[in-house]
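Summary of the model geometry
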Amino acid sequence: MSATARSTPALLLTAGTPGVTKAAITELADVAVRELRTQGDLSAKAIQSGSTAAAERVITEAWRDYYVAALTKILDMAVNAVGFDAAIAAAQERVRRRHSGGARSAGLPRGPSD
């Protein structure tokens, strides 16, 4: 990815409207859901190949925690980032639900945060 492509979201957030900030939150949640789906599929395959469910849970929880934390960082880049608490909380819950559903479908045991 080029430096320009990496900086475009930050530029949009610093010069954008509240709609741009909301769109960035939604986009990151969409990326998180896709990544967690991929990680769930990879974990299921890894378990079939001999990995333990506990080891795979560590991996999927790390991805979940990364995205849940990253969602709050969007507000660090946005100008006038007031009033997005509900949107961030909803996006974080969507990521957590995806992790729980993906973990179950991959055959991972329930964790303390599920």
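Residues numbered from 1 in each chain as written. Predicted model: local features only at pLDDT ≥ 70, side-chain atom pairs only at ≥ 80, totals over all residues. Heavy atoms only, no water.

**What about the overall build of the protein chain?**
Note the threshold: Strands here are runs of E lasting at least two residues and helices are runs of H or I lasting at least four, both read from the DSSP assignment and numbered beginning at the N terminus. Burial here depends on accessible area, computed with a 1.4 Å probe over protein chains only, as a share of the maximum for the residue type. Under 20% is buried, over 50% is exposed, and the range in between is partly exposed. Contact definition: two residues touch when any of their heavy atoms are within 4.5 Å. Method for areas: the Shrake-Rupley scheme with a 1.4 Å probe, in which residue coverage is limited to the protein chains shown.
Per the secondary structure count, the protein chain includes four helices and zero strands. Counted from the first residue to the last, the protein chain has its helices and strands arranged as α-α-α-α. A buried classification covers 32% of the 114 residues belonging to the protein chain. Considering only contacts in the protein chain between residues 6 or more positions apart, those separated by 24 or more positions represent 77%. Per element, the accessible surface of the protein chain, about 6600 Å² overall, is 60% carbon and sulfur.

**Comments concerning the packing of helix α2 (residues 18-48) against helix α3 (residues 53-77)**
What counts here: Every axis in this analysis is a line fitted to C-alpha atoms, fitted for helices over the stretch in contact. Angles between the N-to-C directions lie between 0 and 180 degrees. For classification, angles of less than 35 degrees are called roughly parallel, those exceeding 145 degrees roughly antiparallel, those between 65 and 115 degrees roughly perpendicular, and all remaining angles oblique. Only Asp, Glu, Lys and Arg are considered charged in this grouping, and only Ala, Val, Leu, Ile, Met, Phe, Trp, Tyr, Cys and Pro are considered nonpolar; every other residue, Gly among them, is considered polar.
For the pair α2 and α3, the least separation of the axes is 10 Å and the interaxial angle reads 175°. By the angle between their axes, α2 is roughly antiparallel relative to α3. A class-by-class count of the residues in the contact of α2 with α3 yields 17 nonpolar, four polar and three charged.

**Observations regarding the confidence of the model for the protein chain**
Worth spelling out the cut-off: Per residue, pLDDT captures the predictor's confidence, and it can take any value from 0 to 100.
In the predicted model, the protein chain carries a mean pLDDT of 83, and the fraction of residues at 70 or more is 75%. Least confident of the elements in the protein chain is helix α1 (residues 3-15), whose mean pLDDT is 64; most confident is α3, at 92.

**So, the packing of aromatic side chains**
Here is the rule we go by: Side-chain rings of Phe, Tyr and Trp (the six-membered ring for Trp) are treated as a pair once their centres are within 6.5 Å; stacked means planes under 30 degrees apart, edge-to-face means over 60, and tilted covers the remaining angles.
This model, assessed by the stated rule, comprises two aromatic pairs. Ring geometry for Tyr66 versus Tyr67: centroids 4.9 Å apart, planes at 80°, classification edge-to-face. On the basis of relative accessible area, Tyr66 is assigned to the exposed category, the value being 51%. The class for Tyr67 is buried, based on a relative accessible area of 8%.

**A short note on α2**
Definition in use: Any helix carries an expected span of 1.5 Å times its number of residues minus one.
In this model, α2 (31 residues) spans 45 Å end to end at C-alpha, consistent with the 45 Å of a helix rising 1.5 Å per residue. Restricting attention to buried positions, one finds in α2 the residues Thr21, Ile25, Leu28, Ala29, Ala32, Val33, Glu35, Leu36, Gln39, Gly40 and Ser43. Gly50 sits one or two residues past α2 and shows a positive phi near 115°.

**Details of the pattern of salt bridges**
In plain terms, the rule: Salt bridges are defined as contacts in which a side-chain nitrogen from Lys or Arg sits within 4 Å of a carboxyl oxygen from Asp or Glu.
As enumerated under the stated definition, the model contains four salt bridges in all. Between Asp65 and Arg64 there is a salt bridge, with its nearest N and O atoms 2.8 Å apart.

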